[in-house]
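Observations on chain architecture
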Amino acid sequence: MEAGTTLIFFTAEDVNFSKRQIAGTSFDYKEKKWTKKSFPFPDVIYVRGGGDGTADLLEKFDGLGIKRINPIHAFNKSDLYQHLNQDQNVRPHLPPTVNVEKWSDMESSLLKFRHAYVKAHRGRKGLQVMRVERLPNDTGYLYSYSIIGKLVRGKAINMESLLKTIRAFFGDKKVIVQRAIDLVKIKNNRLVDFRAEVQRNKQNDIDIVGICARVGRPNSPITTHSSAYRYDVYLPKLFPRYTAQKLNVLKSNIQDFLHKVYASVEKKYGEFGEIGIDFAVDKKGKIWLIECNAQSAKVSIVKAYGAKAQRVFLNPLEYARTIVNTNRYPLFNPRSRSSRTAEATEAVTAAEAVREARKAVGVRKVRIIDDQHQKFRERIEETGL
């Protein structure tokens, strides 16, 4: 309601291209209940989740000129790292990383880094990440990973055994090896890192909505499924020897770092409505980028900020209204408007005509593709958007 949008939830299976209709679910504020009915195609797509058919569906929507909140629905960690490593403003914040082309790359990287993370090129919620630690005096390797919140730990007696474990865990997925950052820890060997929710608002300005300190479970290799706190409150606990002035400098450096990362990501992919940026601060106060998320679940910010996190759900909807009347097309789209087929051009013309008609009567429509849409329904209903 507050955003002034018609908000529809649907999956790829709900889309009928022959009829140009979507069997979507929306909240009826008069009846105070969720209802499912047919809707015309959207003005803007807000991707939440995505299965095997998501990429094909989005490509078809691109051909119709339908805009997205974000130009891509998932980052490839290797491609993004290679781009950011060319940016002199971001490069100092990147831990040494190796793209594994063959298994000898894996072995040499693990020997070199001693403490490292192996990550699949694509993966969310920390489910495709393994931490590896080389034990002193070549007595073996400790490894750990998380499966839906459950910590799995083990020991490999030698490199051969470790590589076998890694192969079994990742299968045929492409991976990178990244040197572990010397994260600040609290008691019980609990890692602490940070998640920043960075978005564009209705003025199309970059808005750092909130930054959360995420405290991992004891001995866990990641901080996903962790406790979360407002970073401005938690930083003095992590750096008790810092003066107030030194803490303010660190906060300013973090804000500057987030703007640099956001700008660099947009140089490669095009304008983003939101990015969840994971980063760490080591024991010396240096800021390190961990990864970027094109689909933040926004769990940490809700834990840390409570009702004050409402803006993180409102911004994307208001941003959708901003971009619906612009000529913003994803920079990644290999087909320019002049090179589309006659059929696609006709469809785009029709879609633009519909948008102009909606504009005349002040109507805006936003749809959400969401494989976990029930949770989002509940959040939207609670916040009254």
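The model shown is predicted, which means the values in this text are computed figures rather than measured ones.

What counts, and at which threshold
Residues numbered from 1 in each chain as written. Predicted model: local features only at pLDDT ≥ 70, side-chain atom pairs only at ≥ 80, totals over all residues. Heavy atoms only, no water. Helix = DSSP H or I, 4+ residues; strand = E, 2+ residues; numbered from the N terminus. Buried < 20%, exposed > 50% of the residue type's maximum accessible area, 1.4 Å probe, protein only. Areas by Shrake-Rupley, 256 points an atom, 1.4 Å probe, with all protein chains shown as cover. Axes fitted to C-alpha atoms, helices over the stretch in contact; angles between N-to-C directions. Parallel < 35°, antiparallel > 145°, perpendicular 65-115°, else oblique. Left-handed = near helix turned anticlockwise from the far one by under 90°. Contact = heavy atoms within 4.5 Å. Nonpolar A, V, L, I, M, F, W, Y, C, P; charged D, E, K, R; others polar. Core = buried A, V, L, I, M, F, W, Y, C linked by side-chain atoms within 4.5 Å. Polar contact = N/O pair within 3.5 Å; in protein donor to acceptor, adjacent residues only side chain to side chain. Expected span 1.5 Å × (residues − 1). Pairing = 2+ DSSP bridges. pLDDT = per-residue confidence, 0-100. Salt bridge = Lys/Arg side-chain N within 4 Å of Asp/Glu carboxyl O. Phe/Tyr/Trp six-rings, centres within 6.5 Å; stacked < 30°, edge-to-face > 60°.

What the protein contains, in helices and strands, is ten helices and 19 strands. Here the protein holds 385 residues, and 53% of them are scored as buried. Accessible surface, the protein: about 18,700 Å² in total, of which carbon and sulfur atoms supply 49%.

Relative to each other, helix α3 (residues 103–113) and helix α4 (residues 159–170) sit at 120°, their axes nearing to 11 Å. Comparing the axis directions of α3 and α4 gives the class oblique. Seen along the crossing, α3 lies across α4 with a hand that is right-handed. Within the contact between the two elements, α3 uses W103, M106, E107, L110 and L111 and α4 uses M159, L162, L163, I166 and R167. Among the residues forming the contact of α3 with α4, the class breakdown is eight nonpolar, no polar and two charged.

The next point concerns the nonpolar core. Core analysis: the largest hydrophobic core is formed by 40 residues, its most contacted members being F75, V265 and F279. With nine residues, helix α6 (residues 244–269) is the largest single contributor of residues to this core.

Here the focus is the side chain of D14. Residue placement: D14 occurs in the loop between β1 (6–10) and β2 (15–16). For D14, a relative accessible area of 18% corresponds to the buried category. At 3.4 Å, the side chain of D14 and the side chain of K36 are in polar contact. In contact with D14, other than residues within four places in its own chain, are Q21, I22, A23 and K36.

With 14 residues, helix α8 (residues 310–323) extends 21 Å between its outermost C-alpha atoms, agreeing within 8% with the 20 Å of an ideal straight helix rising 1.5 Å per residue. With ten of 14 residues buried, α8 is to be regarded as a mostly interior element. For α8, the set of buried residues is V312, F313, L314, N315, P316, L317, E318, Y319, A320 and I323.

The next point concerns the sheet that holds strand β8 (residues 115–120). In space, the six strands of this open sheet follow the order β7-β12-β8-β9-β10-β11, with antiparallel pairing throughout. Each having just a single partner strand, β7 (97–99) and β11 (150–156) make up the two edges of the open sheet. Going across the sheet, the axis of each strand differs from the next one's by a mean of 20°, ignoring polarity. Here strand β9 (residues 129–134) pairs with strand β10 (residues 141–147) via five bridges, running antiparallel. In the sheet register, R131 faces β10, and the bridge partner there is S144.

Here the focus is the side chain of Q178. Here Q178 is to be found in strand β12 (residues 175–179). A distance of 2.9 Å separates polar atoms of two side chains, one belonging to Q178 and the other to K119.

With that settled, consider the pairing of β12. Among the five residues in β12, four count as buried, and that is most of the element. Relative to β12, β7 is paired through three bridges, and the arrangement is antiparallel. Bridging across to β12, V98 finds its partner in V177. The pairing of β8 with β12 spans five bridges and is antiparallel. Within β12, the position partnered with A116 by the bridge is R179.

With that settled, consider the confidence of the model for the protein. Chain-level pLDDT for the protein is 83 on average; 79% of the residues reach the 70-or-more range. Put simply, helix α9 (residues 342–361) is where the protein has its lowest mean pLDDT, 40, and α6 is where it has its highest, 97.

Our next topic: the pattern of salt bridges. By the definition in use, this model includes 16 salt bridges. Here D105 and K102 are joined by a salt bridge, their closest N and O atoms 3.5 Å apart. In this structure, the salt-bridge partner of E274 is K298, at a minimum N-O distance of 3.1 Å. Here E274 is found in strand β17 (residues 274–281), whereas its partner K298 is found in the loop between β18 (287–293) and α7 (299–305), with 24 residues between them in sequence. What emerges from the salt-bridge pattern is a single network uniting D193, R195, E197, R214 and D278.

Moving on, we come to the packing of helix α5 (residues 231–238) against α6. Two numbers describe how α5 lies on α6: the axes approach to 11 Å, and their chain directions differ by 125°. Relative to α6, the element α5 lies oblique. Two packed elements cross with a definite hand, and for α5 against α6 that hand is right-handed. For the pair α5 and α6, the contacting residues are Y231, D232, L235 and P236 in the first and L247, L250, K251, I254 and Q255 in the second. Split into classes, the residues belonging to the contact of α5 with α6 amount to six nonpolar, one polar and two charged.

Moving on: the environment of H93. Along the chain, H93 turns up in the loop between α2 (77–84) and β7. When sequence neighbours within four positions are dropped, the list of residues in contact with H93 reads F257, I287, W288 and L289. A polar contact of 2.8 Å, which involves the side chain of H93, links it to the backbone oxygen of I287.

Turning our eyes to something else, we now look at the packing of aromatic side chains. The tally for this structure, following the rule as stated, stands at 16 aromatic pairs. Considering the side-chain rings of F9 and W34, the 5.5 Å spacing of their centres and the 75° angle between planes classify their relative orientation as edge-to-face. Taken together, the residues F9 in strand β1 and W34 in strand β4 (residues 33–40) connect sequence positions 25 residues apart. Overall, F9 belongs to the buried group, its relative accessible area being 1%.

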